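# Results of the structural survey
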Amino acid sequence: SKVNFFGFNFSDRVSYKALSNLNWDSWGAGFNAIVVPSGSSALIKANGSYSTYKINLSGLDQNERSSLINGFNIGLSFVYFFGKNELNYGIEALGTKTDYKYTNSVGCHLSQEQNTTELGAFMKFKYIYKRFLIEPGFRLQYYASLSKVSPEPRLGVKYNVTDDFRIKFAGGLYSQNLISANSD
């Protein structure tokens, strides 16, 4: 069994000769763990993390200009071994927040704050038969902010021609919740 903790912190400040100041900060922290129960042919995996990034521009006009994005993720999965074959399944949750604030040169204030949450469940089976490795899987993704469920079947097949050469095929349905902010 093992557990890892990690983190980072980064800040920077730029001053443009009394015209404006640009500041940004980012930090994050998290962990991952693997538990190996004694006398079992299974692994229990857990992970969690949080990070944030904020940038702020201030000038002589004192107009607010800032952007923030932060997010978290947590997950729990189980891996069972059956000889060379394995079954991997689990759940995960993640959330993202964006906060955009801008005041233009004529004093018009624009802002947008958005939160998203996603929940996912997954299963993948790895089956080895001679030189073939077959990996059927399924993911069920729920986008809470959109009230949408996305069923996503997947299949991967590998054929080991030699010890140094492999032919691989993979396909499935995939989705993602993409957020972006563009200046108009």
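Report follows, based on the coordinates. Each chain carries its own residue numbering, running from 1 in the direction its sequence is written. pLDDT decides what is reported in this predicted model: residues at 70 or higher carry local features, side-chain atom pairs at 80 or more are listed and counted, and totals for whole chains, interfaces and linings draw on all residues regardless. Only hydrogens and water are removed before side-chain values are computed, so all heavy atoms of the structure are retained for them.

### Considering the overall build of the chain
Using the following cut-off: To qualify as a helix, a DSSP run of H or I must reach at least 4 residues; to qualify as a strand, a run of E must reach at least 2; elements of each kind are numbered from the N terminus. Using C-alpha atoms as the atom set, the radius of gyration is obtained and then compared with a globule rule of 2.2 Å times the number of residues to the power 0.38. Exposure categories follow from relative accessible area, calculated using a 1.4 Å probe and restricted to protein chains: below 20% of the type maximum is buried, above 50% is exposed, and the middle band is partly exposed. We call two residues contacting when some pair of their heavy atoms lies within 4.5 Å.
When you go through the chain residue by residue, the secondary structure sums to zero helices and nine strands. Starting at the N terminus and ending at the C terminus, the chain contains elements arranged as β-β-β-β-β-β-β-β-β. Rg of the C-alpha trace for the chain: 23 Å, well past the compact-globule value of 16 Å for 184 residues, more than 25% over. Judged by the C-alpha coordinates and their principal axes, the chain covers about 70 × 35 × 35 Å. Residues counted as buried form 23% of the 184 residues belonging to the chain. A sequence separation of at least 24 residues applies to 43% of the contacts in the chain between residues at least 6 apart.

### Describing unusual backbone geometry
In this model, Lys 130 sits at a positive phi of 55°, which is unusual for a non-glycine residue. Here Lys 130 shows up in the loop between β6 (109-129) and β7 (132-143). Unusually for a residue other than glycine, Ser 147 sits at a positive phi of about 55°. Tracing the sequence through the fold places Ser 147 in the loop between β7 and β8 (148-160). With relative accessibility at 56%, the residue Ser 147 sits in the exposed group.

### Details of the side chain of Ser 77
Here Ser 77 shows up in strand β4 (residues 65-82). Taking relative accessible area as the criterion, Ser 77 reaches 11% and is therefore assigned buried. Excluding anything up to four places from it in sequence, Ser 77 contacts Leu 43, Ile 44, Lys 45, Asn 88, Tyr 89, Gly 90 and Phe 122.

### Structural notes on a nonpolar patch on the surface
The condition is simple: Like-charged residues are merged into a patch within 9 Å and nonpolar side chains (Val, Leu, Ile, Met, Phe, Trp, Tyr) within 5 Å, provided each residue has over 30% relative accessible area and no salt bridge. The method behind every accessible area is Shrake-Rupley, applied with a 1.4 Å probe, and residues are considered shielded solely by the protein chains displayed. By definition, a salt bridge exists where a carboxyl oxygen of Asp or Glu is found within 4 Å of a side-chain nitrogen of Lys or Arg.
A cluster of nonpolar residues, Tyr 127, Tyr 129, Phe 132, Ile 134, Leu 155, Tyr 159, Val 161, Phe 165, Ile 167 and Phe 169, forms a patch on the protein surface that exposes about 880 Å² of accessible area. Among the elements of the structure, β6, β7, β8 and β9 (166-172) are those that each provide at least two residues to the nonpolar patch. Mapped onto the secondary structure, Leu 155 falls in strand β8. On the accessibility criterion, Leu 155 (37% relative accessible area) is partly exposed.

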